[in-house]
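# Structural description and commentary
Spelled out from the first residue to the last, the chains are:
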Amino acid sequence: MKRAEGFALEGFVYGSGPEKPALMLVGEAPGETEIHNGIPFSGRSGKELMGFLERAGLTREDVYITSAVRSRPYRWGTKKNRDGTTTERKYNRAPTQKEIRAHAPLLDYELAHVKAPLLVTLGNVGLRRLVGPGYKITDVHGKVIRHPVQILENEQFGWTETVYDIFPTYHPASFFYNRRVLEDIHADMDQLARIMKEKGIAGLSR
Ligand code: URA
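In this report, we go over the structure that sits alongside the text. For clarity, every value in this text was computed on a predicted model and none was experimentally measured.

What counts, and where the lines are drawn
- Residues numbered from 1 in each chain as written.
- Predicted model: local features only at pLDDT ≥ 70, side-chain atom pairs only at ≥ 80, totals over all residues.
- Heavy atoms only, no water.
- Helix = DSSP H or I, 4+ residues; strand = E, 2+ residues; numbered from the N terminus.
- Rg over C-alpha atoms; globule rule 2.2 N^0.38 Å.
- Buried < 20%, exposed > 50% of the residue type's maximum accessible area, 1.4 Å probe, protein only.
- Contact = heavy atoms within 4.5 Å.
- Areas by Shrake-Rupley, 256 points an atom, 1.4 Å probe, with all protein chains shown as cover.
- Lys, Arg positive; Asp, Glu negative; His and termini not counted.
- Charge placed at Lys NZ, Arg CZ, Asp CG, Glu CD.

## Details of the overall build of the protein
Broken down by element type, the protein carries 7 helices and 8 strands. Its C-alpha radius of gyration of 17 Å places the protein within 12% of the 17 Å reference for a compact globule of 206 residues. Over its C-alpha atoms, taken along the principal directions, the protein stretches across nearly 55 × 40 × 30 Å. A buried classification covers 47% of the 206 residues belonging to the protein. The contacts of the protein with a sequence gap of at least 6 include a subset with a gap of at least 24, amounting to 67%. When the accessible area of the protein is evaluated, it comes to approximately 11,000 Å², of which 50% is carbon and sulfur surface. Here the protein carries 30 positive and 25 negative side-chain charges, and the mean point of each set is 3 Å from the other.

Written out as structure tokens, the structure reads:
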């Protein structure tokens, strides 16, 4: 993709899911596993995510999965081997604001065409991509925010006319660094199940 040239990004993962999903999930960016097999959330975070979705009564087939950036942001680092030698390898990192802008037309297109009654953001990157920098996941997780979403216009973010229902929750990887968020994620998934019931949203597989 020409607009993303010159960044430390590799691979490309397409958004995936039905045209009329129960939810659209908006993550951060794919990792190493995803850029090799092309399936979003198929690595370690994905395994956790599928467990969380199951708690809300959903499967992968019910949801459309995408992210703020669709290539893997990496940085080079040095890995120490057991035998004392070192290996240079790529590590994941968070995408920069410029990278998020470079990839923005992809998500703008999906938001306009995928008919999802609820947008579920996973972590701060997905949340702020949609509703701007003034929101923090720890403050707003587990509640519906009714808000226009950011759309790129002349290389600046503006706002959609459409107002969306957005349900922020934690990125599943946050649980690897902080086991205490697990309780919050579980409560969010229970709340998500209640909200879907109220709105009459059902998974496709039931
Ligand atoms: N995080 C994301 O946002 N997407 C993936 O596919 C994996 C991790």
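## Description of helix H4 (residues 123-131)
Here H4 lies mainly inside the structure; 7 of its 9 residues are buried. Among the residues making up H4, those that are buried are Gly123, Val125, Gly126, Leu127, Arg129, Leu130 and Val131. Buried residues along H4 sit in contact with strand E2 (23-27), helix H3 (97-113), strand E6 (119-122), helix H5 (137-140), strand E7 (145-153) and strand E8 (156-169). Looking one or two residues beyond H4, the residue adopting positive phi is Gly132, at roughly 95 degrees.

No statement about biological role is implied by the geometric values presented.
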